[in-house]
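Structural overview for review
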Amino acid sequence: MEELTRRHAMWIARAMARTDGSPLTANDIVALEEACVPRRVEAGEVLIASGDVVDEVHIVRDGAVHLTVRNPTLGRQTIGLVEPGGVIGDVAVFLGHTMPFDAIADSDSTVLTITRERLLSLLAGSPSLSLRWITSVSKRHDEIQRRLVTLLTKDLSAQIATLLMDHRVEEDGAWMVKMPHQTIAHLLGARRQSVSRVLGQMRRAGLVRSRYGAVEILDLGGVADAAGMDDLDIEIGLPD
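Below is a summary of the structure that appears in this document. (Residues numbered from 1 in each chain as written. Predicted model: local features only at pLDDT ≥ 70, side-chain atom pairs only at ≥ 80, totals over all residues. Heavy atoms only, no water.)

The subject of this paragraph is helix α5 (residues 127–153). Here α5 contains 27 residues, and its C-alpha end-to-end distance of 38 Å stays within 8% of the 39 Å for a straight helix at 1.5 Å per residue. Listed as buried for α5 are Ser-128, Leu-129, Ser-130, Arg-132, Trp-133 and Thr-150. (Helix = DSSP H or I, 4+ residues; strand = E, 2+ residues; numbered from the N terminus. Expected span 1.5 Å × (residues − 1). Buried < 20%, exposed > 50% of the residue type's maximum accessible area, 1.4 Å probe, protein only.)

Put into structure tokens, the structure is as follows:
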């Protein structure tokens, strides 16, 4: 278990250290190793429920977690997808707010859990770790802003192409977006039928291929063009 926990801590350190030239210190890594508690969650398990007082922060190690809200008319809707390296609950911890949505495991996943008290103590005692965490929060804030700009300024085809570019991962030499049409529709506030129609057009143009519960990108440059992107300088995946 100690070796497994150390690997998790080293993974967090590498994931957090890839954005600039200030790597975590050896003491930071030791502190992460001692603070992280690996936890296996099953698909459908609720990590944090809407309205809960948040006393733990979770980092997704593998799998995915959906952030969902209950719509009185449409039922449960996904408003966010937390993939490996993503953090759940830290903003509520910092602000002292209750959880505004449900965090539900989309598939069998591993999360690394840190208690509120331990996280605040770590950040108070480590400027380098605090900088990393601020960068992580800032990046998520930037992603939300970019998503709003996309929703307000682009048509549905460009919105879908942008989402595919943002959520792509490389798997066995192929670019995959591991979400069904319904999840894409929820994230964009669109109808599933409209999303399926646009993806059908992209499929006929040779840009994508539909898989069960996923979309494979066949022409990365073509999808980037459809998204209105000027380059492909987007971070991909996480360190092993």
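The description of two helices packed together rests on the angle between their axes and the distance between the axes. Where helix α6 (residues 156–166) contacts helix α7 (residues 181–188), the two axes come as close as 11 Å, and the packing angle between them is 110°. What the angle tells us is that α6 and α7 run roughly perpendicular. Considering only the axes of α6 and α7, their crossing is right-handed. For the pair α6 and α7, the contacting residues are Leu-156, Gln-159, Ile-160, Leu-163 and Leu-164 in the first and Ile-184, Leu-187 and Leu-188 in the second. Along the lines of polarity and charge, the residues of the contact of α6 with α7 split into seven nonpolar, one polar and no charged. (Axes fitted to C-alpha atoms, helices over the stretch in contact; angles between N-to-C directions. Parallel < 35°, antiparallel > 145°, perpendicular 65-115°, else oblique. Left-handed = near helix turned anticlockwise from the far one by under 90°. Contact = heavy atoms within 4.5 Å. Nonpolar A, V, L, I, M, F, W, Y, C, P; charged D, E, K, R; others polar.)

A separate point is the side chain of Gln-77. Among the structural elements, Gln-77 can be located in strand β5 (residues 75–82). Given the relative accessible area of 18%, Gln-77 is considered buried. Setting aside anything within four residues of it in sequence, one finds Gln-77 in contact with Leu-67, Thr-68, Val-69, Asn-71 and His-186.

This part is about the pattern of salt bridges. Counted according to the given criterion, the structure contains eight salt bridges. Of the charged contacts, one joins Arg-211 and Glu-216 as a salt bridge, the two residues approaching to 2.6 Å between their closest N and O atoms. According to the relative accessible area criterion, Glu-216 is buried, its value standing at 8%. Ionic contacts of the salt-bridge type, sharing partners, join the residues Arg-209, Arg-211 and Glu-216 into one network. (Salt bridge = Lys/Arg side-chain N within 4 Å of Asp/Glu carboxyl O.)

Ranked by internal contacts, the top residues of the largest apolar core, which has 30 residues, are Leu-47, Ile-48, Val-65, Ile-88, Ala-103 and Trp-133. In this view, Ile-48 contacts Val-54, Glu-56, His-58, Ile-88, Gly-89, Met-99, Phe-101, Asp-102 and Ala-103; residues no more than four positions away in its chain are not counted. Ranked by size, the runner-up nonpolar core spans 27 residues in total, among them Leu-81, Leu-164, Trp-175 and Ala-185. (Core = buried A, V, L, I, M, F, W, Y, C linked by side-chain atoms within 4.5 Å.)

In strand β10 (residues 174–177), alternate side chains face the same way, and those of Ala-174 and Met-176 on one face and Trp-175 and Val-177 on the other are all buried. Sheet topology places strand β9 (residues 169–171) next to β10; three bridges connect them, and they run antiparallel. Its bridge partner lying in β10, Glu-170 is registered against Trp-175. Here β9 folds back onto β10 in antiparallel fashion, the turn holding two residues, of which Asp-172 has a positive phi close to 55°. The pairing of β10 with strand β12 (residues 214–217) spans three bridges and is classified as antiparallel. Residue Val-177 lies in a different strand from β12, and its bridge partner there is Val-215. (Pairing = 2+ DSSP bridges.)

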